[in-house]
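# Descriptive structure summary
Chain by chain, the residues run as shown.
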Amino acid sequence: MQPRLLHERYGAHARAILNLVVPLAYPATAKRITETAGKSPCRSRAVSTLIGASLRCGDVNSMTMRSTQRTTRGIRTSMMATRTTTTRTTSFALAQSADSNDIDHAGFLFEDLLQAYFDCRRSKRNSSSALAFEINLERNLVQLHDELIDGTYKPGRSICFVVTRPKPREVWAADFRDRIVHHLLYNKISPRFYASFIADSCACIPTRGTLYAATRLESKIRSASQNWSKPTHYLKCDLANFFVSIDKNILIDQLTARIPEQWWLSLTHQILFHDPRTDYELRGNPALITRVPPHKRLTNQAAHLGLPIGNLSSQFFANVFLDALDQFVKHQVPCRHYVRYVDDFVLLHESPQWLTAARDRIDSFLHDRLHVALNPRKTILQPINRGVDFVGHVIKPWRRTTRRRSFDQALKRVSSVAASDLRETANSYFGLLGQASHSHTDRQRLAKIILRRGRAVNFGLTKTFAAQEKE
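Notes on the structure in this doc start here. (Residues numbered from 1 in each chain as written. Predicted model: local features only at pLDDT ≥ 70, side-chain atom pairs only at ≥ 80, totals over all residues. Heavy atoms only, no water.)

### Here's the deal with the environment of Phe321
Among the secondary structure elements, Phe321 is positioned in helix α11 (residues 312-331). Considering only alpha carbons, one finds Phe321 and Ile246, 75 residues apart in sequence, at a separation of 7.9 Å. Excluding anything up to four places from it in sequence, Phe321 contacts Phe242, Ile246, Asp247, Ile250, Leu251, Gln254, Leu370 and Val372. (Helix = DSSP H or I, 4+ residues; strand = E, 2+ residues; numbered from the N terminus. Contact = heavy atoms within 4.5 Å.)

### Digging into the packing of aromatic side chains
For any pair of aromatic rings, geometry is given as the distance between the ring centres together with the angle between the planes. Per the stated rule, a full pass over the model turns up 18 aromatic pairs. When the ring of Trp263 is compared with that of Trp264, the centres are 4.9 Å apart and the planes differ by 90 degrees; the resulting orientation is edge-to-face. Owing to a relative accessible area of 2%, Trp264 belongs among the buried residues under this scheme. Taken together through their ring pairs, the aromatic side chains of Tyr186, Phe193, Tyr194, Phe197, Phe316 and Phe317 make up a single cluster. Arg258 extends its terminal NZ or CZ atom over the ring of Phe193, reaching a point 5.4 Å from the ring centre. (Phe/Tyr/Trp six-rings, centres within 6.5 Å; stacked < 30°, edge-to-face > 60°. Buried < 20%, exposed > 50% of the residue type's maximum accessible area, 1.4 Å probe, protein only. Lys NZ or Arg CZ within 6 Å of the ring centre and 35° of its normal.)

### Side note on helix α15 (residues 440-452)
Think of an α-helix as turning once every 3.6 residues; residues three or four places apart then point the same way. Helix length check: α15 (13 residues) gives 18 Å between terminal C-alpha atoms against 18 Å at 1.5 Å per residue, within 8%. Looking at α15, one finds that the buried residues are Asp442, Arg443, Leu446, Ala447, Ile449 and Ile450. For α15, the angular spread of buried residues about the axis comes to 160 degrees, placing them on one side. Opposite its buried face, α15 presents the exposed residues Thr441, Lys448 and Arg452, each directed more than 90 degrees away. (Expected span 1.5 Å × (residues − 1). Arc of directions from axis to C-beta.)

### A word on the layout of surface pockets
Within this model, the largest pocket holds a volume of roughly 1,800 Å³. Around the largest pocket sit 44 residues that line it, and Pro166, Lys167, Arg169, Asp344 and Arg403 are the ones nearest its centre. Counting only elements with at least two residues in the lining of the largest pocket, the list comes to β9 (233-238), α8 (242-245), α11, β14 (388-390), α13 (404-416) and α14 (422-434). When residues in the lining of the largest pocket are grouped by element, the largest group, 4 residues, is from α13. Across the lining of the largest pocket, the residue classes break down as 18 nonpolar, 12 polar and 14 charged. (1 Å grid on protein atoms, 1.4 Å probe; cavity = no way out; pocket = protein on both sides within 12 Å on 5 of 7 lines; lining within 4 Å. Points joined across faces, edges and corners; volume = space filled by probe spheres on them. Nonpolar A, V, L, I, M, F, W, Y, C, P; charged D, E, K, R; others polar.)

### What to know about unusual backbone geometry
Geometrically, the link from Arg165 to Pro166 is a cis peptide bond, its omega value of 0 degrees lying close to zero. Secondary-structure assignment places Pro166 in the loop between β6 (158-163) and β7 (169-173). For Trp228, which is not a glycine, the phi torsion comes out positive at approximately 65 degrees. Of note, Trp398 is a non-glycine position whose phi angle comes to about 70 degrees, a positive value.

Here it is, written out as structure tokens:
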């Protein structure tokens, strides 16, 4: 669909549609220099110029080098003073028009779908499904928008493959247009859930990754043990077969309680209960699927159980599902020093007997309320002085290091990776090791392998270079 048709179809809302073919290098400012009464038009240097009929009011057409005529309402004017001159500028706001209900009746604008597309393609730009979608980008976006509005949207085919590190497991990847819908839903409803999450809930939450989880647990250990001077124990637990054991009937009740908008609730229900096993393509070596234990395969679960690993929606839904556990541990057990990353969580207390009683209460809660269970083989209770292994870090008195298994894997990968991939692989491991508070010795050992392979490493042992690069 041409930009002119987009403008005719969506009216004033088309003003916020960005240049989809060549995205701006930096976010465009809202200010545009426009014509003043009795004066010639000015060229705007505030933003990159756009080309074509989809220009917004106040943009400069690079073909004519003239400002577009102002014909819409909802314009605010302001004066921007400089040292010697005063320039009149205009700031455009997306003011709701009287006829906007036919566009916004579903609870979202076309611009929201466009933002979801940009979020989705951030790390998937070169995938085959993303490239196929971008061939007719505007037409595909408009078609997806119309399907969502009129209720005819249906999820497409998924891709299933097996990863072997750190252990074999199924990964399900939704089609690119379906991932756009996942981002659309996530952008809308996630803030209201994140506002109620405790600060000790990590994973798949902005600014709360593995480093956040490790440093927060380290600070809690120092608080509980009074800077390692007081004997303290930790209880580390893991949920058995977590993603394939999630009960969707329980999860939809948790989501319904926080989503009052009927349209968004219907979309949530459709994404949650979509079964990718009904239409999927198995990629990679088919023999790898046999390496995944049967009880960990989504294909072997009941229809109301399990979320596909690999989708943004599944990661978000998992956090919503376990928020009940967080609230129970913090307010009912109660445990002051507690951190959770996905289905791994740690409790701290001076008494091992108290932690044992807490484990029993948590196990009963998980079984009765969430229908999941603890993994007895990964339940650990011991003093903190022996070291707490959590999210790839080992926290010991006054230092935090990288897990030895991860470090050994780094040395092995850097030694055997192809020369064309050495720089990217080595730099990624430098970044991983650099997250630890004590990593100089580990980075030295990694740098020696890189130097033996004929590459240079900077003095800080944080970066390697391609063959033709110089520090």
